[in-house]
Amino acid sequence: MNKNNEINDPILEQVVTDLEHEYYNSAFDTPLRPDAFEMDDDTKMEQIAQHFTAIMQVLGMDLQDDSLKDTPKRVAKMYVKEIFSGLNPANKPKPTLFKNPFKYKQMLVERNIAVFSNCEHHFVPIVGKAHVAYISNEQVIGLSKLNRIVQYCAQRPQVQERLTMQIANMLKEALGTEDVAVIIDAHHHCVSSRGIRDANSTTLTAEYSGQFLSEETKYELLKYIGL
C-alpha cells in the first residue's frame, strides 16, 4: 500500500474486494446452521409434529379431540412447505430475463406486492406490501418473478430490515444492476396482538442503491407509489 493506504497490487485489490463483498452478503443472510439442509423435508415435518404435540400437551390441549388431533401434522407441513419454505435455497425462484429491445431506460415499478412473513422474535405474522423498482441494464425481468422474489425472501423467520435488503440484493443479482429500490410497509402482529397491542401502526423500511440514491430519482419513485 502507498502512504494514502491505497492498494496498487490488482490481485490484492481483487482479494480485498471479494472479502468486502462476502462480508456484506453475510450481513443480510438469514442466520442458519451449516447443517440446516442435511435433514430432508419429511423428517423435518415428522420431528416438528412431535415437538408441537408436546407444546400442545403442555398447554393442556386435548389431542384426542377431532378438531385438534391432526393439528401438529398440519403445523409441521405449513412450516416446512409453506410459511418457512424460503429457508431452503432449493426453492429460490429462477428469474426469467428478457432482452430490452425498446432500450427502455426509465424506472419500472411494481407496487403493492403482498408480503406475508413471520417475525423471528415471536413467530407471529408480518403482513404488508412491498414496492420494488429497477432501471434496466440491457435486460428486463418477468413481472411475476418480482412477486416470487418477494415471496421467497418473506417465507422465513424475518426482521423487516433484513427482508428489505434480501429482496434488493436478489434483484441486483438477477438483473446485473445496482439500480434497484425496495420499500416495505408492514403490520407486525408482535406489536398488535401482544405487548403494546397497537393495531394501527405500520413499519416502513427502504433500500436504495445505484441511481435510486439520487434525490431526484428517489422522489420520482416515492411519487409513483404515493408516499
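A brief report on the enclosed structure follows. (Residues numbered from 1 in each chain as written. Predicted model: local features only at pLDDT ≥ 70, side-chain atom pairs only at ≥ 80, totals over all residues. Heavy atoms only, no water.)

### What to know about the pairing of strand β2 (residues 107–119)
Across 10 bridges, the pairing between β2 and strand β3 (residues 125–135) is antiparallel. Looking across to β3, one finds that Ile-113 is bridged to Ala-130. Between the end of β2 and the start of β3, which pair antiparallel, lie 5 residues, with Phe-123 showing a positive phi angle near 55°. Sheet topology note: the β2/strand β5 (residues 157–158) ladder contains 2 bridges and is parallel. In the strand pairing of β5, Asn-118 is matched with Pro-157. (Pairing = 2+ DSSP bridges. Helix = DSSP H or I, 4+ residues; strand = E, 2+ residues; numbered from the N terminus.)

### Topic: the packing of helix α4 (residues 143–154) against helix α5 (residues 160–175)
Running from N to C, α4 and α5 cross one another at 140°; their axes reach a closest spacing of 9 Å. By the criterion of interaxial angle, the relationship of α4 to α5 is oblique. Relative to α5, the crossing made by α4 is right-handed. Residue-level inspection shows Leu-146, Ile-149, Val-150, Tyr-152, Cys-153 and Ala-154 of α4 in contact with α5, the latter providing Leu-163, Gln-166, Ile-167, Met-170 and Leu-171. Of the residues belonging to the contact of α4 with α5, the class tally is 10 nonpolar, 1 polar and no charged. (Axes fitted to C-alpha atoms, helices over the stretch in contact; angles between N-to-C directions. Parallel < 35°, antiparallel > 145°, perpendicular 65-115°, else oblique. Left-handed = near helix turned anticlockwise from the far one by under 90°. Contact = heavy atoms within 4.5 Å. Nonpolar A, V, L, I, M, F, W, Y, C, P; charged D, E, K, R; others polar.)

### Quick notes on the packing of helix α2 (residues 41–58) against helix α3 (residues 71–83)
Axis separation between α2 and α3 bottoms out at 8 Å; the angle between their running directions is 135°. Between α2 and α3, the interaxial angle falls into the category oblique. As for the relative orientation of α2 and α3, their crossing is right-handed in sense. Judged by residue contacts, Asp-41, Lys-44, Met-45, Ile-48, Ala-49, Phe-52, Thr-53 and Met-56 of α2 engage Thr-71, Pro-72, Lys-73, Val-75, Ala-76, Lys-77, Tyr-79, Val-80 and Lys-81 from α3. Class assignment of the residues belonging to the contact of α2 with α3 gives a composition of 10 nonpolar, 2 polar and 5 charged.

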